[in-house]
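Residue strings, one per chain:
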Amino acid sequence: MGNKQTIFTPEQLDAYQDCTFFTRKEILRLFYRYRDLAPQLVPLDYTDKPDVTLPYELIGSMPELKDNPFRQRIAEVFSEDGGGNMTLDDFLDMFSVLSEMAPRDLKAYYAFKIYDFNNDDYICKSDLEKTVNKLTRNELTPEEVSLVCEKVIYEADADNDGKLSLEDFQRMIIRAPDFLSTFHIRI
Amino acid sequence: MTSMRHGSEYSRDLPRVNVLSRSQYENSTDNFSFEPEPELAYSLPSTFHLLDRPYSHGFSNVSEGFIQRHNRRPSDEISVTSSSPFEMDPVCREEKDLVGNLASMSTSERIKAIQKMPETMKKKREIRNKVLKEITKKTRHHSTRLSRCTQCLQGTAVLFRRFGNSLSEYSHLLQLWHKTLKIIGAKFGTSVLSYFIFLKWLLTFNMFSFLINFSFIIIPQFFAAEPNNLSFTGLELFTGAGYFQQTVLYYGFYTNATISKIENGPPYNMQLAYIFTVGIYFVICFLILLFSMAKSFCRNFINPQTYSGNASKLLCTWDFNITNEKAVKLKQKNLGTQIKEGLTEVNQEVLYFSVTERVERIVIHLVSWVASLGTAVAACAGVYFLSINNLKLFVKGHKNDLEGQAAMLVLPVVVSLLNAFIPFFYSWLGHLERFQTPGYQIYIAITRNIILKISIVGILCYYWLNIVATSESQCWETLVGQDIYRLVLVDFAFCLLGSFFGEFLRRIIGTTVCVSLGLPEFDIGRNVLDLIYAQTLTWIGILFSPLLPGIQMISFSIVFYVKKVSLMMNCQPPRKVWRTAQMTTSFMFLLFFPSFLGVLSVIGVTVWRLKPSEGCGPFRGLSSMYAAVSEWIKILENYTASKWVVWIYHNLITSELFFFILSVIILIITYLYWQIIEGRKTMTKLLRKQIINVSLTFSFILFF
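Residues numbered from 1 in each chain as written. Chains lettered and ligands numbered in written order. Predicted model: local features only at pLDDT ≥ 70, side-chain atom pairs only at ≥ 80, totals over all residues. Heavy atoms only, no water.

In this section: the overall build of chain A. Per the secondary structure count, chain A includes 10 helices and 0 strands. Overall size of chain A, expressed as C-alpha extent along the three principal axes, is 60 × 30 × 25 Å. The contacts of chain A with a sequence gap of at least 6 include a subset with a gap of at least 24, amounting to 54%. Here chain A contributes 22 positively and 35 negatively charged side chains, and the mean placements of these two sets differ by 6 Å. (Helix = DSSP H or I, 4+ residues; strand = E, 2+ residues; numbered from the N terminus. Contact = heavy atoms within 4.5 Å. Lys, Arg positive; Asp, Glu negative; His and termini not counted. Charge placed at Lys NZ, Arg CZ, Asp CG, Glu CD.)

And the structure:
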């Protein structure tokens with residue numbers, strides 16, 4: 001509507017607006033943030049849909065992510081190749097899910113994937129152990145970690161298969177009303 | 001049985017078969033075979049789907065099922081898809097269903113549904129393009145049948161959506177302090193951030209009030225202003241008396257005339273403008289508060305029993321907002337300590353007390369409650385007698401010397417001192433009581449503070465409405481306005497002082513003199529209660545001093561910056577768990593229930609029962625402020641064009657029967673909703689049991 005930007009075609013911007021929770025201005029602002037990570041790699045003209053992927057090291061060095069213990073998992077979950085190297089689409093998707101407009105189900109789905117380190121659609125004990133170690137910076141002894149993970153599985157596992165499925169996780173989310181505000185990165 | 005897969009596969013498949021049958025989109029779940037169909041592994045309908053969005057229940061099942069099959073890693077998908085030569089690829093079939101469903105929704109619903117899909121952007125774009133193609137196909141097919149009217153409507157709908165989009169972009173400009181909030185959240189986390197967000201929210205109320213007061217009351221008054229003969233000394237800024245009495249700051253200055261400055265222009269009835277502006281502002285505030293509170297309750301369903309779970313503490317509470325390295329390390333350390341404590345104190349909940357210990361605890365609790373309520377009552381009595389003395393000072397004569405002015409400030413200073421120091425006494429009592437959980441202690445302390453503040457505001461309102469209004473002063477509304485102005489100003493000063501002493505000096509003490517204390521933490525509860533108190537005073541004061549929201553706006557902005565600077569310089573991130581969502585909902589509820597509704601009752605009594613002063617203000621000479629409206633209705637009765645207004649007034653607004661029927665209907669609807677919720681709770685319990693039973697049955701069968 002009168003914007004003289006030449007980065008995206010109006011159809012592309014409309015598609016982004018429909019697929020994420022951002023407005024046009026926010027999408028453009030995020031594009032500039034993406035570009036600032038590697039100005040020589042990212043072109044200023046996306047109308048011909050260039051295939052540009054930024055390596056994980058650049059994504060993980062963003063101020064919003066660089067101190068987050070889960071930054072690698074976040075990048076892996078949202079990247080197309082699963083290795084943390086993100087295109088602009090992945091980048092927008094990531095911050096859209098982590099924005100405050102995203103509904104709880106969507107956030108729960110992605111939080112589950114982030115904590116599922118081995119990508120088997122279940123949070124098993126080894127996933128939980130890795131999570132606990134990341135959350136406490138390896139301060140606990142392996143026995144304590146194991147004990148905590150057993151307690152968590154005992155508490156949350158409803159179908160008794162020894163691991164947490166998405167439904168168990170969603171049920172846990174209901175009991176944690178803070179989840180919506182904590183699973184949120186402001187950009 | 002050769003196609004039997006690992007047990008876990010079935011624990012997901014079979015319950016789905018039993019449970020999801022009511023969804024109309026589950027056409028592919030009818031097979032009861034043991035054929036491996038991992039691509040159709042749906043997730044169960046989540047319980048909160050049942051509660052919040054019944055209309056999208058079916059859809060979200062389809063999308064989630066669709067999604068789990070299509071991993072973000074396409075390499076996995078290829079190995080997993082099973083092909084059946086005798087039917088259409090289930091992937092395509094589901095996608096077709098999905099596109100069909102999306103195409104049949106309205107535009108906003110469709111956009112929301114696409115946004116909510118847990119898919120890659122590429123996939124979402126593809127689906128969106130397919131849906132748009134489908135829609136254009138449909139409209140082309142139906143275009144001959146569409147009448148001009150429908151096309152017109154569709155065109156206007158598109159225009160509205162574009163307008164809404166551009167509005168939302170400009171509302172982005174109004175997002176005050178986005179960067180500041182980000183910095184605060186990054187270092188201190190969501191809990192401290194919630195205070196600043198609350199402050200920003202209250203600021204918007206005051207901004208809105210100031211805007212409408214300014215446009216509808218103050219600007220017209222400038223046209224009909226009488227000259228101000230009083231002199232201005234700087235002291236009036238603090239006392240609000242003297243020069244300010246004859247300005248737009250107070251009720252008394254406003255004219256009761258009908259202003260008509262423009263030749264042949266419509267006259268502007270000041271009485272009606274005053275009462276309607278204030279009335280409509282309060283109605284809008286009521287609606288905003290009600291909807292925010294309802295939305296907050298919906299999102300943060302408070303269920304205290306199930307809150308303290310280890311699992312949710314571990315997996316759902318890591319604060320992604322914190323991006324400061326030191327803060328992250330601190331939080332990790334705290335979490336580690338909490339987990340260690342949780343492991344060692346295994347049976348902390350099961351504490352058996354002997355009979356004497358229990359009696360002792362009950363006696364201590366009773367004594368501390370009596371002490372806190374007694375202090376509150378004593379504070380109220382003190383405030384009451386002080387205010388009666390204050391009134392005697394006023395009625396005696398206008399002393400414009402320094403002593404007289406200073407005497408006017410005694411009441412607000414005493415009130416603020418009481419509000420500042422009695423909470424320390426309460427927290428000391430809380431330490432004595434040794435509660436079982438620290439969360440309980442916080443709740444009790446906040447409750448006692450609320451009782452204190454409510455009683456002080458209550459006694460002041462009683463004093464204003466019963467004593468000042470019936471006194472022999474010339475313009476009692478202006479007196480009340482001046483009192484509130486002074487209270488607001490002194491409260492603001494004490495807020496800044498509290499920040500200085502509570503945080504700055506405490507940091508100096510904690511780092512130099514008494515190092516064991518350490519850096520102070522930001523006391524969220526007390527600060528939010530102070531905000532609610534200040535906002536209550538402002539709301540009471542709107543009727544008597546229309547410029548007060550503007551003053552409060554400026555004071556809130558200054559408080560924001562001062563608190564932010566003090567926080568950054570002096571405080572450390574919170575160590576204990578602060579249940580942000582629960583507390584924010586409680587604070588919103590507190591803002592609505594004792595605060596706003598109390599203000600409404602005070603305003604109601606003022607407008608309907610009290611006699612306005614004879615010599616000043618827009619309602620001089622009337623029997624009550626409301627009489628302006630009833631007289632206007634009487635005038636309207638003479639015009640046939642406005643008979644409908646008169647009808648609405650007589651049959652809807654002043655008729656008790658209408659409100660009685662309305663209350664009965666609302667009660668019935670509330671009861672029905674309550675029963676629906678109870679029914680759904682029972683249903684989820686049953687479903688959960690079914691899941692466990694079926695999975696147990698299956699693992700049992702597998703082993704034999």
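Let us keep going from here.
On to the state of the cysteines, then. Residue and element names in this part refer to chain B. For the structure shown, the criterion picks out 1 disulfide over all chains. There is a disulfide in this structure between Cys475 and Cys616, and the S-S distance comes to 1.7 Å. Note on the Cys475 and Cys616 pair: the S-S dihedral is about 95°, so by sign convention the disulfide is right-handed. A residue pair is termed long-range when its members are at least 10 positions apart, and Cys475 in the loop between helix H17 (438–468) and helix H18 (476–513) and Cys616 in the loop between helix H21 (580–608) and helix H22 (627–636) qualify at 141 residues. Judged by its relative accessible area of 15%, Cys475 is buried. Residue Cys285 stays outside any disulfide, its sulfur separated by 17 Å from that of Cys461, the closest cysteine. Here Cys461 stays free of any disulfide, with the sulfur of Cys380 as its closest cysteine sulfur at 11 Å. Classification of Cys461 as buried rests on a relative accessible area of 7%. (Disulfide = S-S within 2.5 Å. Buried < 20%, exposed > 50% of the residue type's maximum accessible area, 1.4 Å probe, protein only.)

On the chain A side, the residues contacting the 83 residues of chain B number 86 residues. In total, chain B and chain A occlude about 8,000 Å² of area from one another, counting both sides; carbon and sulfur atoms represent 56% of this. Linking chain B to chain A there are 5 salt bridges. Asp18(A) is the salt-bridge partner of Arg128(B), the closest N and O atoms lying 2.8 Å from each other. It is helix H14 (residues 325–344) of chain B that contributes the most residues to the side of chain B that touches chain A, 11 residues altogether. Here the side of chain B that touches chain A is composed, by residue class, of 29 nonpolar, 31 polar and 23 charged. (Buried area = accessible area lost by both parts, 1.4 Å probe. Salt bridge = Lys/Arg side-chain N within 4 Å of Asp/Glu carboxyl O. Nonpolar A, V, L, I, M, F, W, Y, C, P; charged D, E, K, R; others polar.)

Moving on, we get to the nonpolar core. By size, the foremost hydrophobic cluster in this structure holds 111 residues, and its most contacted members are Tyr195(B), Trp464(B), Trp539(B) and Phe587(B). A total of 12 residues in this core trace back to one element, the largest contributor, which is helix H10 (residues 190–223) of chain B. Among all residues touching Tyr195(B), those that are not within four sequence positions of it are Phe522(B), Ile524(B), Asn527(B), Val528(B), Leu531(B), Val559(B) and Lys563(B). Residues Val52(A), Leu65(A), Ile123(A) and Val131(B) belong to the second largest nonpolar core, which totals 86 residues. (Core = buried A, V, L, I, M, F, W, Y, C linked by side-chain atoms within 4.5 Å.)

Turning our eyes to something else, we now look at helix H1 (residues 10–19) of chain A. Owing to its 3.6 residues per turn, the α-helix aligns residues three or four sequence positions apart on the same side. With 7 of 10 residues buried, H1(A) is to be regarded as a mostly interior element. Considered for burial, the residues of H1(A) that qualify are Gln12(A), Leu13(A), Ala15(A), Tyr16(A), Gln17(A), Asp18(A) and Cys19(A).

Residue and element names in this part refer to chain B. Contact geometry of H17 with H18 gives a least axis separation of 10 Å together with a crossing angle of 160°. For the element pair H17 / H18, the angle class is roughly antiparallel. Crossing of H17 against H18: the hand is right-handed. Only Trp476, Leu479, Val480, Asp483, Ile484 and Leu487 of H18 make contact with H17, whose side of the interface consists of Leu460, Tyr463, Trp464 and Val468. Considering only residue class, the contact of H17 with H18 consists of 9 nonpolar, no polar and 1 charged. (Axes fitted to C-alpha atoms, helices over the stretch in contact; angles between N-to-C directions. Parallel < 35°, antiparallel > 145°, perpendicular 65-115°, else oblique. Left-handed = near helix turned anticlockwise from the far one by under 90°.)

This part covers a nonpolar patch on the surface. All names here are of chain B. A surface patch of nonpolar side chains, amounting to about 980 Å² of accessible area, comprises Leu657, Phe660, Ile661, Val664, Ile665, Ile668, Ile669, Leu672, Tyr673 and Ile676. With respect to the helices, strands and loops of the structure, Phe660 is situated in helix H24 (residues 656–702). Classification of Phe660 by relative accessible area gives exposed; the value is 55%. (Patch = residues over 30% accessible without salt bridge, like charges linked within 9 Å, V, L, I, M, F, W, Y side chains within 5 Å. Areas by Shrake-Rupley, 256 points an atom, 1.4 Å probe, with all protein chains shown as cover.)

Bringing unusual backbone geometry into the picture now. All names here are of chain A. Notably, Lys49 is not glycine yet its phi reads approximately 50°, a positive angle. Tracing the sequence through the fold places Lys49 in the loop between helix H2 (24–37) and helix H3 (56–60). With phi around 65°, Asp121 is a residue other than glycine that occupies positive phi space. Along the chain, the position of Asp121 falls in the loop between helix H6 (104–115) and helix H7 (125–136). Look at Asp121 and you get partly exposed, because its relative accessible area is 26%.

Overall, the coordinates contain 19 salt bridges over all chains when judged by the stated rule. A salt bridge links Asp67(A) to Lys66(A); the nearest nitrogen and oxygen atoms lie 3.1 Å apart. Lys66(A) gets classed as partly exposed once you look at its relative accessible area, which sits at 38%. Taken together, the shared-partner salt bridges connect Glu95(B), Lys123(B), Glu126(B) and Lys130(B) into one network.

Before going further, it helps to spend a moment on the UniProt feature "domain: EF-hand" (unreviewed entry) in chain A. Residues and elements named next belong to chain A. Taking the numbering used here, the UniProt-annotated feature "domain: EF-hand" (unreviewed entry) corresponds to residues 103–138 and 144–179. Counting secondary structure, residues 103–138 comes out at 67% helix and 0% strand; the distance between its end C-alpha atoms is 32 Å. Structurally, residues 144–179 comprises 64% helix and 0% strand, and the distance from its first C-alpha atom to its last is 25 Å. (UniProt positions renumbered as here; feature names shortened; annotations may be inferred.)

The subject of this paragraph is the environment of Ala628(B). All names here are of chain B. Mapped onto the elements, Ala628 comes out in helix H22. Its relative accessible area of 4% is what places Ala628 among the buried residues. Each C-alpha atom, one on Ala628 and one on Ile275, is 8.3 Å from the other, the two residues being 353 residues apart in sequence. Those residues in contact with Ala628 that lie beyond four places of it in its chain are Gln271, Leu272, Phe619 and Leu622.

All names here are of chain B. Applying the stated rule across the entire model yields 50 aromatic pairs over all chains. Taken together, Phe198, Trp201, Phe205, Phe208, Tyr281, Phe282, Phe286, Trp539, Phe592 and Phe596 form an aromatic cluster joined through their ring pairs. The side chain of Arg448 reaches across the aromatic face of Trp369, ending 4.5 Å from its centre. The side chain of Lys453 reaches across the aromatic face of Tyr533, ending 6.0 Å from its centre. (Phe/Tyr/Trp six-rings, centres within 6.5 Å; stacked < 30°, edge-to-face > 60°. Lys NZ or Arg CZ within 6 Å of the ring centre and 35° of its normal.)

Moving on: H2(A). Between its first and last C-alpha atoms H2(A) spans 20 Å; for 14 residues at 1.5 Å apiece the expected length is 20 Å, and the two agree. Residues of H2(A) that are buried: Arg24(A), Glu26(A), Ile27(A), Leu28(A), Leu30(A), Phe31(A), Tyr34(A) and Leu37(A). (Expected span 1.5 Å × (residues − 1).)

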